[in-house]
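# Commentary on secondary and tertiary structure
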Amino acid sequence: MRTIINSKYIVWLLLALPGAAMALSFVTGEADAMDMLHPTGEWSARLMILAMLIGPLSEVAGPAPWTRWLLVRRRWFGFSAFLYASAHLVFYVIDMGTIEDMLAEIGEAGIWTGWLAMLAIAVCGLTSNDAALRVMRRGWKQAQRCAYPAAVLTLFHWGLLTWHWTGALAHFAPLILLTLARVVRRQRKPRKKELPA
Amino acid sequence: MKTMLLAPAALMLAAGLATPALADGKIECRGGPRENWTNVEKLKAKLIAEGWTIKKAKPTRDCYEVYGKTPEGDNVESFFHPVSLKPVLILKRGRELFRAEGY
């Protein structure tokens, strides 16, 4: 059982499963590009939330085998979020059909929030590897902080477009709650005295 | 303390995942029983004659929901009364372009 849980292939397979189901419905003609927009976007948001949740969750829950398991795989969840977001963009382009149509609606709040969220997710996703970590060194962590504006923009993109604020907020609520819990926890923790130079 | 924080977070996550993603509650068209509805093909023909391009037209709850492009060139999601075929709500990427009086 432990071998299965720790197998990276199993984890990647699980992460790919929703995408495979979506791709199947698209290639069989059951769903068109427009139908793919919501599930790809929703899965991207879910995986982004999961990836971002792991840090504060581990801090609040304390060291445990399951938090270690999640921490080791955090980057995979984030990268999967980027892949689902990319699929979301591809289906948007297919659905719109022309650049003129896309430009015509870029000023809509529901749309530009999506473009900016995609940009922020791309920064996180494309630097989410060891090579980028080696090259960017201290800048890498700053690049990964793009996840925060990405999350806020995704929430607004979702809510403004669909008007389903309850569903969107219910998804983001655990992240908001745990991030707040981490902030409170850090503020309560006595800071270490700085050593004289 | 941990449980107090983690339990509501887990509950909210579960609630979020359980929220039906495609349930559309943007408007109530008050369309009445479906057996009295006008055929959706009539709506399509009417809109095409007015200069719309239709991507998709389908019944959603008590409305006809149409995705397409208006004669003005806006890509919209729109809701029509299923009996009178009059527009009830027209949205351009979530922004209201039109809402019928009384809705």
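Residues numbered from 1 in each chain as written. Chains lettered and ligands numbered in written order. Predicted model: local features only at pLDDT ≥ 70, side-chain atom pairs only at ≥ 80, totals over all residues. Heavy atoms only, no water.

When helices and strands are tallied, chain A shows ten helices and zero strands. Reading chain A from its N terminus to its C terminus gives the helix and strand order α-α-α-α-α-α-α-α-α-α. Its C-alpha atoms give chain A principal-axis dimensions of about 65 × 45 × 40 Å. Residue pairs in contact within chain A that sit at least 24 positions apart in sequence constitute 66% of those at least 6 positions apart. Working note: accessible area of chain A is about 11,500 Å², and carbon and sulfur atoms make up 69% of it. (Helix = DSSP H or I, 4+ residues; strand = E, 2+ residues; numbered from the N terminus. Contact = heavy atoms within 4.5 Å. Areas by Shrake-Rupley, 256 points an atom, 1.4 Å probe, with all protein chains shown as cover.)

Below, the discussion takes up the confidence of the model for chain B. Residues and elements named next belong to chain B. Per-residue confidence for chain B gives a mean pLDDT of 85, with 77% of residues at or over 70. Below pLDDT 50 for its whole length, residues 19-23 participates in six contacts with residues either more than four positions away or in separate chains. Across the interface, the model reports ipTM at 0.80; the global pTM reads 0.86. (pLDDT = per-residue confidence, 0-100.)

To continue, consider the side chain of H171 of chain A. All names here are of chain A. Within the secondary structure, H171 is located in helix α10 (residues 165-188). Assessed through its relative accessible area of 3%, H171 is described here as buried. Among the polar contacts listed, one links the side chain of H171 to the side chain of R46, at a separation of 3.0 Å. (Buried < 20%, exposed > 50% of the residue type's maximum accessible area, 1.4 Å probe, protein only. Polar contact = N/O pair within 3.5 Å; in protein donor to acceptor, adjacent residues only side chain to side chain.)

What follows is about the sheet that holds strand β5 (residues 95-99) of chain B. Residues and elements named next belong to chain B. Read from one edge to the other, the open sheet built from five strands follows the order β1-β2-β3-β4-β5, with strand pairing classed as antiparallel. Of all strands in the sheet, those with a lone pairing partner are β1 (53-60) and β5, marking the two edges. Taking each pair of neighbouring strands and ignoring which way they run, the sheet shows an average axis angle of 20°. In this fold helix α2 (residues 40-50) packs onto β1, β2 (63-69) and β3 (75-80), with an angle of close to 150° to the strand it touches most, β1. (Pairing = 2+ DSSP bridges. Axes fitted to C-alpha atoms, helices over the stretch in contact; angles between N-to-C directions.)

Residues and elements named next belong to chain A. Interhelical geometry of helix α2 (residues 8-27) versus helix α3 (residues 33-61) gives an angle of 175° and a closest axis separation of 10 Å. Between α2 and α3, the angle falls in the class roughly antiparallel. Residues L15, P18, M22, A23, S25 and F26 of α2 form the contact with α3, whose participating residues are A33, M36, P39, T40, W43 and L47. Residue classes in the contact of α2 with α3 are distributed as ten nonpolar, two polar and no charged. (Parallel < 35°, antiparallel > 145°, perpendicular 65-115°, else oblique. Nonpolar A, V, L, I, M, F, W, Y, C, P; charged D, E, K, R; others polar.)

It is worth spelling out the state of the cysteines at this point. Tallied over the full model, the rule gives one disulfide over all chains. Between the sulfur atoms of C29 of chain B and its disulfide partner C63 of chain B the distance amounts to 2.0 Å. Every disulfide takes its handedness from the sign of the S-S torsion; for C29 of chain B and C63 of chain B that torsion is 100°, giving right-handed. With C29 of chain B in the loop between α1 (2-18) and α2 and C63 of chain B in strand β2, the pair connects residues that are 34 residues apart, well separated along the chain. Comparing C29 of chain B with C63 of chain B, the two get one shared label, buried. Here C124 of chain A stays unpaired: no disulfide links it, and the sulfur of C146 of chain A, its closest cysteine neighbor, is 5.1 Å away. Residue classification places C124 of chain A among the buried positions, given a relative accessible area of 12%. (Disulfide = S-S within 2.5 Å.)

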